[in-house]
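# Coordinates in review
Each chain, written out:
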2 protein chains.
Amino acid sequence: MINVAILGFGTVGSGVAEVIEKNNAHISEKAATQINLKYILDVKEVPGTPFDGKFIHDFSIIESDPELNVVVETIGGAKVAYEYTKRALAAGKSVVTSNKELVATHGCELLRLAREKGVNYLFEASVGGGIPILHPINSCLAGNQISEIVGILNGTTNYILTRMIREGATFEAALSEAQANGYAERNPAADVEGPDACRKICILSSLAFGRHIYPEQVPTEGITRITLEDVSCAAKAGCKVKLLGRAIARADGKICAYVAPHLVPVENPLSSVEGVFNAITVVGDAIGDVMFYGQGAGKLPTASAVVADVIDAAKNWNQGTIMSWDEGGADTVYSTDELSSRWYVRAVGTVAPSGAQKLSAPEAENVVFLTEDAMTRPALDALLQQAGVTPAFLMRVLD
Amino acid sequence: MINVAILGFGTVGSGVAEVIEKNNAHISEKAATQINLKYILDVKEVPGTPFDGKFIHDFSIIESDPELNVVVETIGGAKVAYEYTKRALAAGKSVVTSNKELVATHGCELLRLAREKGVNYLFEASVGGGIPILHPINSCLAGNQISEIVGILNGTTNYILTRMIREGATFEAALSEAQANGYAERNPAADVEGPDACRKICILSSLAFGRHIYPEQVPTEGITRITLEDVSCAAKAGCKVKLLGRAIARADGKICAYVAPHLVPVENPLSSVEGVFNAITVVGDAIGDVMFYGQGAGKLPTASAVVADVIDAAKNWNQGTIMSWDEGGADTVYSTDELSSRWYVRAVGTVAPSGAQKLSAPEAENVVFLTEDAMTRPALDALLQQAGVTPAFLMRVLD
C-alpha cells in the first residue's frame, strides 16, 4: 500500500482527492499496489466533504509518519510550498506537484534532494495541465536528440487571442470576457505579460536539454501590445498570432529560450489550437515533429496529471529516481539576438523597406509589413534604420 | 549493460541500429545502463554497414545467449515473427516490436508469456509510428477512465484524402501519386481497404480498455468508394473526409470498435491533420480530450519509438512487466448498430428526406445530404426506406 497526503485543498488539491477516490480501483491496479489517501493538509476546516476524517493542520504529522510515501503539493507559490517540499523530500517522501513557479525556480535543487534520498520529485501537471508532455519527453522520446520545443503554453492568452481573431474583440474586451468566464485572474499579469508561459518553457527546456534554465534567463514578452490591426494583417499573411514559448538547442548544446507572440502560418498545426487549449511541439532528430494537444488547465485535467505522477511514484517506490536534470548557469544559454526569422513589423508611417511584403492598406496610418528574408534582430534593426522606419511593434514568424 | 539483438535489417531494423549507434551516449544515460547492440539477425548478407561484425543468421544464437536481454523484432507478419517472439520471450528476453499485425493477432498470448517470464513485450512503434501514444495511455493517463479513442491511424490514406481535398485529384490519381512517392505499396489494399488502421485500433483499444479486441471483431471500411463529389459536399457541410479508427466504451465496459471514413467538422483538430501525418485523440473522464500528433510511419520516427521501448525494457530489466491486457471474447464488444451519429448520405436521385441538409446542387445526378439528427444505422435505414431513398454511400459525422 502507498499512502498519500495532499497539501492544500483548493481547486487542484480537491480534484486530486476526487480522482483518487472515484477511480481508486483502476488507479491501484495501474500502480500495482493500493493507493490510499491518508491526509489532507489545509489551514482551514473543510466540513461536508467525503474526506472528513483525513483533514489535518500540522505538516509535521506528514513529515514524521513513516508509513506516508507520497506528498502531493498543491499549495502554489515558492514560499510555504518550497519549505514543505524540501522537508518532505528530506524525510524520504516522494513529492508530486502542479506548482510551475516552484519547479522553474528551485527544480534543480529539489530534484537533487530527491535523488539523494532515492525518491521522486514529479511535476507533469506543471506544464500543459493534463497533457502528457514531461513524461513522454523523458521516456518516449528518449532515443532522440531534441533540437527544439515550441508551444502554446498558456490557455488564458490563447483564449484572448482566439476571441480577437474570430470575433474581432479588442484585447481589453477579450480579457474582460476571459475574466468573466473564470479563465483569467482579476490580476491577469502572470498570464498576459508572459511569466506563466516563461515558467513552463523553463521546465520543458530544463528537462529536454538536461540543464536548469531559470526564468531570468528567458526574455519574456506578453500579448498586451497586440492590436486588432496586427491580427488582421497576420491573417492577410496567412498566419495567426499566437503567444509561444520556445527553446532551441545550438550545436554546442547551449539553449536559447524565450516567450513572445509570433505569427504562426496556418499550415502549422499550432495555428489551429484555439480557445483555452494548449499544444506543444517537440522536434527530435529521429522523430521529426510531434505535437501534444489538450486542456492546459482546469481542475480535473490537472488532477489527472497529478494522479498519473502519484501512480508513477508508487510504481517506482524504492526503485530510485525517474527524472532529473543538472544545475544551469550563465553558460547554459545563448541570446535571442542570434536567432534568425522573418519579421512582422508595424511602424508609424507609410514607407516599407524594398522587398518587404506590405500588409497594411496604402492609406492606413501605420505601415505593416513582413520581411522577405529571415534575419537576426540586429540585422533587422540595421535594415529598418537604413529604410528610415521606426518600429512600433515586432513579432517573429514561426517558419 | 543491456545487450540487444535486432531481427531483420530492413527499413525499421536498420533505422533502430542507426539510432542506437548515433545517440548511444544519450540513450545509455536515459536507460541508466550501457545499451549494446550485439547481434543483427538477417537471412541475407549485408556488407558495408558500420555493423559488420554483428550479423548472424541463426536465431538460436540469440535464444541461447544468457547475456542477451532485449530482442527487437522488425521482421513483420505473423509467421516467423510470431515463432521468434515466442521463443525469445520463453528464453526470458524482453521483446520490442513495430509489428502491428502480430500484436493485433497474438498480443494477449505474447503479453501473458512475457508476464510469466517477468519480462516485457513492448510495441509503441506499432501504432502511430514515432508518436508516443501507447506509453502515455498506459502511464500518463492512468488516472482516467478512458471512454473513447479516435484517430487518423494510416498516413497513406490520409495523404490520398488530403490530395483529393486540396488538389481535386481523384482517388486513383492520388493513389498513383502516393505509390510514386513511396507512401503506398504496389498492392495498396492493407492501407486503402482499412486493415492497417484496423490492427492499430485493436491495439489501442485492447490497451485502453484492458481486454483484447481482435481484428475480426472490428468492422472495417476503407476509402476506395470516396469520390470527389463526397469531398466537395463534405466541404459544403464544413467538414473534411478522414479515415478514422474509433473505439467507444459503453457504461457496462463493452467496446465498439470500427474503422470507416467519416465527416470530421473543421472545428475538430483531427480535421487539420494533413498528408502522411497521424493523430490520435483520447477522451478520459478527468482529462477530457487529449491529442497526439506526428509522423505515423517512416524509418527514423518508427525507430525512435522502438528505441524508447528498448530503453524502457532496459530500465525495467528484472523489475517485472510494464504493460498487459486480458483475453477478449465475444462478450468484449458491442455492435456499431448501437452507435448514434448524424449521417452523410449519397444516393441516386434528387429527393432528400424532409429535415435533411441537402449538399448537392438541384440538377446533380446524385442527391447528397446530411441527416439533421443523430441516429443509429437501423434508424437511418428505416428513415431512408420511408423516404424512398436507396443509398449508394454512407458516412458518419464525427460530432
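Computed from a predicted structure; not experimentally measured. (Residues numbered from 1 in each chain as written. Chains lettered and ligands numbered in written order. Predicted model: local features only at pLDDT ≥ 70, side-chain atom pairs only at ≥ 80, totals over all residues. Heavy atoms only, no water.)

## Examining the packing of helix H2 (residues 24–31) of chain B against helix H12 (residues 299–315) of chain B
Residue and element names in this part refer to chain B. Relative orientation of the contacting elements H2 and H12 amounts to 40 degrees, with a least axis distance of 8 Å. Compared by their axis directions, H2 and H12 come out oblique. Relative to H12, the crossing made by H2 is right-handed. Residue-level contacts link Ile27, Lys30 and Ala31 of H2 to Val307, Ile311, Ala314 and Lys315 of H12. Broken down by class, the residue content of the contact of H2 with H12 amounts to five nonpolar, no polar and two charged. (Axes fitted to C-alpha atoms, helices over the stretch in contact; angles between N-to-C directions. Helix = DSSP H or I, 4+ residues; strand = E, 2+ residues; numbered from the N terminus. Parallel < 35°, antiparallel > 145°, perpendicular 65-115°, else oblique. Left-handed = near helix turned anticlockwise from the far one by under 90°. Contact = heavy atoms within 4.5 Å. Nonpolar A, V, L, I, M, F, W, Y, C, P; charged D, E, K, R; others polar.)

## Looking at the interface of chain A and chain B
Interface extent is often summarised as the accessible area lost during association of the parts. With 41 residues of chain A in contact, the opposing surface of chain B contributes 41 residues. For the pair chain A and chain B, the two sides together bury roughly 3,500 Å², of which 52% comes from carbon and sulfur. At the junction of chain A and chain B, the tally comes to two salt bridges. Here Lys22(B) ties to Asp285(A) by a salt bridge, and the two come within 2.8 Å at their closest N and O atoms. Between the two partners, chain A and chain B, sit 20 residue pairs in polar contact (both at pLDDT 80 or more). Counting residues per element, the ones that place at least two in the side of chain A that touches chain B are helix H1 (11–22), helix H2 (24–31), helix H6 (134–138), strand E11 (288–295) and helix H12 (299–315) of chain A. The dominant element in the side of chain A that touches chain B, judged by the number of residues it contributes, is E11(A), at eight residues. Counted by class, the side of chain A that touches chain B contains 21 nonpolar, 15 polar and five charged residues. As judged from the five bridges shared by E11(A) and strand E11 (residues 288–295) of chain B, these two strands associate in the antiparallel manner. Bridged to Phe292(A) within E11(B) is Phe292(B). (Buried area = accessible area lost by both parts, 1.4 Å probe. Salt bridge = Lys/Arg side-chain N within 4 Å of Asp/Glu carboxyl O. Polar contact = N/O pair within 3.5 Å; in protein donor to acceptor, adjacent residues only side chain to side chain. Pairing = 2+ DSSP bridges.)

## Brief notes about the environment of Pro50(B)
Within the secondary structure, Pro50(B) is located in the loop between strand E2 (35–41) and strand E3 (55–56). When the C-alpha positions of Pro50(B) and Glu216(B) are compared, they lie 43 Å apart, and in sequence the two are 166 residues distant.

## Some points on the state of the cysteines
Residue and element names in this part refer to chain A. Applying the stated criterion across every chain yields a total of zero disulfides over all chains. Of all cysteine sulfurs in the structure, the one in cysteine 202 sits closest to cysteine 108, which takes part in no disulfide; the separation is 13 Å. For cysteine 108, a relative accessible area of 2% translates into the label buried. Cysteine cysteine 198 remains unbridged, with the sulfur of cysteine 202 as its closest cysteine sulfur at 4.3 Å. (Disulfide = S-S within 2.5 Å. Buried < 20%, exposed > 50% of the residue type's maximum accessible area, 1.4 Å probe, protein only.)

## Points about the sheet that holds strand E3 (residues 55–56) of chain A
All names here are of chain A. If you walk across this open sheet you meet the six strands as E3-E2-E1-E4-E5-E6, and the pairing is parallel. If you trace the sheet from one side to the other, it starts and ends with E3 and strand E6 (121–122), each paired once. The sheet contact formed by strand E1 (residues 2–7) and strand E4 (residues 68–73) spans five bridges and is parallel. By the bridge assignment, isoleucine 6 is partnered in E4 with valine 72.

## Examining the relation of the copies chain A and chain B
To go from the first copy of the chain to the second, apply a rotation about an axis and then a shift along the same axis. Rotating chain A by 180 degrees and moving it 0.0 Å along the rotation axis overlays it on chain B with an RMSD of 0.0 Å. Considering both components of the superposition, the chain copies are consistent with a two-fold axis. In terms of C-alpha distance to the rotation axis, chain A has Phe292(A) as its closest residue, with the C-alpha 2.4 Å off the axis. (Least-squares fit on C-alpha atoms with pLDDT ≥ 70 in both.)

## Notes on the environment of Val333(B)
Residues and elements named next belong to chain B. Summarising the element assignment, valine 333 is placed in the loop between H12 and strand E12 (343–348). The class for valine 333 is buried, based on a relative accessible area of 19%. In the structure, valine 333 is positioned 115 residues away from valine 218 in sequence and 8.9 Å away in space, judged by C-alpha atoms. In this structure, valine 333 is in contact with Ile213, Gln217, Lys254 and Ile255, ignoring residues within four places of it in sequence.

## Some points on the pattern of salt bridges
This model, assessed by the stated rule, comprises 39 salt bridges over all chains. Between Asp196(B) and Lys100(B) there is a salt bridge, with its nearest N and O atoms 3.7 Å apart. One end of the pair, Asp196(B), is in helix H10 (residues 195–209); the other, Lys100(B), is in helix H5 (residues 100–117), with 96 residues separating them in the sequence. Residue Asp196(B) is classed as buried on the basis of its relative accessible area of 7%. The class for Lys100(B) is partly exposed, based on a relative accessible area of 23%. Residues Asp196(B) and Lys200(B) are paired through a salt bridge, measuring 2.8 Å at the closest nitrogen-oxygen approach. Of this pair, Asp196(B) and Lys200(B) both sit in helix H10, four residues apart, roughly one helical turn. Of the two residues examined, Asp196(B) and Lys200(B), each falls in the buried class. Each of the salt bridges in this network shares a partner with another, and the network as a whole consists of Lys38(A), Asp65(A) and Glu67(A).

## Quick notes on the packing of aromatic side chains
Residues and elements named next belong to chain A. If you walk through the whole model with that rule in mind, you get 15 aromatic pairs over all chains. Between the aromatic rings of phenylalanine 123 and tryptophan 325, the centroid separation amounts to 5.7 Å while the plane-to-plane angle is 65 degrees, which identifies the pairing as edge-to-face. A residue pair is termed long-range when its members are at least 10 positions apart, and phenylalanine 123 in the loop between E6 and H6 and tryptophan 325 in the loop between H12 and strand E12 (343–348) qualify at 202 residues. For phenylalanine 123, a relative accessible area of 0% puts it in the buried group. Aromatic pair tyrosine 159 and tyrosine 183: ring centres 4.8 Å apart, planes at 65 degrees, arrangement edge-to-face. Of this pair, tyrosine 159 sits in helix H7 (residues 155–167) while tyrosine 183 sits in the loop between helix H8 (171–180) and helix H9 (189–192), and the two are 24 residues apart along the sequence. Grouped by ring-pair contacts, the aromatic residues Phe9, Phe51 and Phe55 constitute a single cluster. (Phe/Tyr/Trp six-rings, centres within 6.5 Å; stacked < 30°, edge-to-face > 60°.)

## A closer look at the sheet that holds E3(B)
Residues and elements named next belong to chain B. Reading across the sheet, the six strands line up as E3-E2-E1-E4-E5-E6 and stay open at both edges, with parallel pairing between neighbours. What marks the edges here is a single partner per strand, and that holds for E3 and strand E6 (121–122). Bridge count between strand E1 (residues 2–7) and E2: six bridges; the pairing is parallel. Paired with alanine 5 across the strands is tyrosine 39, a residue of E2.

## Remarks on the packing of helix H4 (residues 80–90) of chain B against H5(B)
Residues and elements named next belong to chain B. Contact pair H4 / H5: the axes reach a minimum separation of 9 Å and the direction vectors enclose 15 degrees. On the basis of their axis angle, the class for H4 and H5 is roughly parallel. Where H4 crosses over H5, the two elements pack in a sense that is right-handed. Of H5, the residues touching H4 (which contributes Ala81, Tyr82, Thr85, Lys86, Leu89 and Ala90) are Leu102, His106, Glu109, Leu110, Leu113, Ala114 and Lys117. Here the residues of the contact of H4 with H5 sort into eight nonpolar, two polar and three charged.

## A look at the side chain of Asp309(A)
Residues and elements named next belong to chain A. Among the secondary structure elements, aspartate 309 is positioned in helix H12. Within the buried core, aspartate 309 has no salt-bridge partner, and the shortest N-O distance to an opposite charge, that of lysine 315, equals 11 Å. At 2.8 Å, the side chain of aspartate 309 forms a polar contact with the backbone nitrogen of glutamate 124. Those residues in contact with aspartate 309 that sit more than four places away from it in its chain are Val96, Leu122, Phe123, Glu124 and Ala125. (Lys, Arg positive; Asp, Glu negative; His and termini not counted.)

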